Amino acid sequence: MSERVRWWAVVLVNIVFLLGGQSVASFLGRIYYDQGGRSLWMATVVQSCGTPLAVPLLLYFRRRPRSTAVTRPPLLKISAIYAGLGVLLAADNLMYSYALLYLPLSTYSLICATQLSFNAVFSYFLNKEKFTALILNSVVLLTFSAALVGVSHGSDGTNSSVPEGKFPLGFALTLSASALFSLILSLMQLTFDKVLKSDTLYDVMEMQFWSNTAAAVVSVAGLFISGEWSSLDGEMDGYKKGKVAYGMTLAWTAISWQLATVGMMGLVAAVSSLFTNVISTVGLPLSPIVAVIFFGDRMDGVKVLAMLIGVWGFLSYIYQHYLDDAKVKKILAERLADDDEHQTV
């Protein structure tokens, strides 16, 4: 298997993890609220408490031989970076928990597409990401897609148990969470490039494990400090589908978020934070459709237009990567031809 094919295989696996985990986790998060769940800190905890699932992979990749050319940064430095990322992740997860409570799933998903625009700015300044006309087109279209939803207050019709009068706050929290999420992705890429100076699978799993462990510690602390832990027994007893369904909903949400996180960090390491954000918007046309079918969200003309604009923006970015890949293949082919010519001479 060639190096390029192996790279694409890794990228595709991470794409599946990110899209599958993200879609299922958002779906289960909305179900949690609709069936009687009300603990915002519990909804935050499950976004990072699945870290033990990564231990077997972390141990496996640690046993594999590593390059001696890369010097590991000091333990104190890398610990501080992972702890800082964990605190930011916990804050971001909490804002997403509020946003998902205050907005229908379809509206929430469309507004989340703004994270690509935020990430474009952070990638430009922190990661030296180059912009082309197609990438700029993608960013602008996805921003317009979310803006259409934001200015259309009537697009929040749903059969879900969404509190009335919370649309402005939900919109602001979703935007804030999207901006912070984009900053986190760019900081992760910066860590791979400038601190770790490596993007092996072990490095990916290590960052995923320790940053999410820190986020889980902060979230659990928030659960107890806020006093919400004392209401969990009553919440479980009052859950519409029963105690078993309550536990299964939280468990599968945690598993789904861990799969999404592994895919996200894998793509950041293999490609870039901006590419990761673009891939995460692939779920844009799926979530509103799922929300209409399962939650009775209203798919009006504004949402349809926003969805189509978002899809066009995503395809613009994918086409740019196709052009970049074709350019790389052409350069490699020319080099091979030159080498063959020199050998013949």
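Note that the coordinates shown come from a computational prediction; the quantities given were computed from them, not determined experimentally.

> It is not clear to me how the overall build of the protein chain should be interpreted in this structure. Could you clarify?
In terms of regular secondary structure, the protein chain is built from 14 helices and zero strands. Listed by position from the N terminus, the elements making up the protein chain come as α-α-α-α-α-α-α-α-α-α-α-α-α-α. For the protein chain, the residues scored as buried account for 49% of the 345 residues in total. Considering only intrachain contacts with a sequence separation of at least 6, the fraction spanning at least 24 residues in the protein chain is 87%. Surface exposure of the protein chain reaches about 16,600 Å², of which carbon and sulfur atoms provide 69%.

> For this particular structure, what's the right way to read unusual backbone geometry?
With glycine set apart, most residues show a phi of negative sign, and most peptide bonds adopt trans. A positive phi angle, near 50 degrees, is found at Lys197, a position not held by glycine. We classify Lys197 as exposed; its relative accessible area is 60%.

> Explain the pattern of salt bridges here, please?
Opposite charge on two side chains makes pairing possible when the charged atoms of those side chains draw close. Counted by the stated rule, this structure contains four salt bridges. Here Arg30 makes a salt bridge to Asp34, at a shortest N to O gap of 3.0 Å. Remark: Asp34 and Arg30 occur in helix H1 (residues 3–34); sequence separation between them is four residues, near one turn of the helix. Arg72 is the salt-bridge partner of Asp203, the closest N and O atoms lying 3.3 Å from each other. One end of the pair, Asp203, is in helix H9 (residues 201–225); the other, Arg72, is in the loop between helix H3 (55–63) and helix H4 (75–102), and 131 residues separate them in sequence. Arg72 sits in the partly exposed class, given a relative accessible area of 35%. Several salt bridges share partner residues, and in doing so they unite Arg72, Asp203 and Glu206 into one network.

> How do you make sense of the nonpolar core when you look at a structure like this?
Nonpolar side chains in soluble globular proteins tend to end up buried together. Counting residues in hydrophobic clusters, the biggest one holds 69 residues, and the most contacted among them are Tyr32, Met42, Tyr108, Met188, Met207 and Ile279. Among residues more than four places away in sequence, those in contact with Ile279 are Ile15, Leu18, Leu19, Leu267, Phe314 and Ile318. Residues Phe61, Tyr202, Met205 and Val262 belong to the second largest nonpolar core, which totals seven residues.

> Help me understand the layout of surface pockets in this model?
Gaps between atoms show up when a probe of the same size as a water molecule is rolled over them. The computed volume of the largest pocket comes to approximately 660 Å³. Lining the largest pocket are 25 residues; nearest its centre among them are Val10, Asn14, Thr200, Leu201 and Val204. Taken together, the elements giving at least two residues each to the lining of the largest pocket come down to H1, H3, H9 and helix H11 (243–270). Element by element, the count of residues in the lining of the largest pocket is highest for H1, at eight residues.

> Mind showing me how you'd approach the environment of Gly170 here?
On the secondary structure map, Gly170 appears in helix H8 (residues 167–196). With relative accessibility at 0%, the residue Gly170 sits in the buried group. Residues Gly170 and Met95 lie 75 residues apart in sequence; the distance between their C-alpha atoms is 9.0 Å. The contact partners of Gly170, leaving out residues within four places of it in the chain, are Ala99, Tyr102 and Leu103.

> What should I look at first to understand the packing of aromatic side chains in this one?
Tallied over the full model, the rule gives nine aromatic pairs. Residues Trp7 and Trp8 carry aromatic rings whose centres are separated by 5.0 Å and whose planes lie at 80 degrees to one another, so their mutual orientation is edge-to-face. For Trp8, a relative accessible area of 31% gives the class partly exposed. Between Tyr124 and Phe125, the ring centres sit 5.2 Å apart and the planes meet at 90 degrees, which makes this aromatic pair edge-to-face. Residue classification places Tyr124 among the partly exposed residues on the basis of a relative accessible area of 46%. Look at Phe125 and you get exposed, because its relative accessible area is 56%. By way of ring pairs, the aromatic residues Tyr32, Tyr33, Tyr239 and Tyr246 are connected into one cluster.

> What's the story with the packing of helix H6 (residues 115–126) against H8 in this structure? I'm lost.
When two helices pack together, their arrangement is captured by the angle between the axes and the distance separating the axes. H8 packs onto H6 with a crossing angle of 35 degrees between their chain directions and a minimal axis gap of 8 Å. Like other packed secondary-structure pairs, H6 and H8 cross with a definite hand, here right-handed. Contact residues: Gln115, Phe118, Asn119, Phe122, Ser123 and Leu126 in H6; Leu175, Ser178, Ala179, Phe181, Ser182, Leu183, Leu185, Ser186, Leu187 and Leu190 in H8.

> It is not clear to me how H9 should be interpreted in this structure. Could you clarify?
The periodicity of an α-helix, 3.6 residues per turn, causes residues three or four positions apart to be oriented the same way. Taking 1.5 Å as the rise per residue, H9 with 25 residues should run 36 Å; its terminal C-alpha atoms sit 36 Å apart, in good agreement. Of the residues one or two after H9, Gly227 is the one with positive phi, at around 85 degrees.

Definitions and limits used
- Residues numbered from 1 in each chain as written.
- Predicted model: local features only at pLDDT ≥ 70, side-chain atom pairs only at ≥ 80, totals over all residues.
- Heavy atoms only, no water.
- Helix = DSSP H or I, 4+ residues; strand = E, 2+ residues; numbered from the N terminus.
- Buried < 20%, exposed > 50% of the residue type's maximum accessible area, 1.4 Å probe, protein only.
- Contact = heavy atoms within 4.5 Å.
- Areas by Shrake-Rupley, 256 points an atom, 1.4 Å probe, with all protein chains shown as cover.
- Salt bridge = Lys/Arg side-chain N within 4 Å of Asp/Glu carboxyl O.
- Core = buried A, V, L, I, M, F, W, Y, C linked by side-chain atoms within 4.5 Å.
- 1 Å grid on protein atoms, 1.4 Å probe; cavity = no way out; pocket = protein on both sides within 12 Å on 5 of 7 lines; lining within 4 Å.
- Points joined across faces, edges and corners; volume = space filled by probe spheres on them.
- Phe/Tyr/Trp six-rings, centres within 6.5 Å; stacked < 30°, edge-to-face > 60°.
- Axes fitted to C-alpha atoms, helices over the stretch in contact; angles between N-to-C directions.
- Left-handed = near helix turned anticlockwise from the far one by under 90°.
- Expected span 1.5 Å × (residues − 1).

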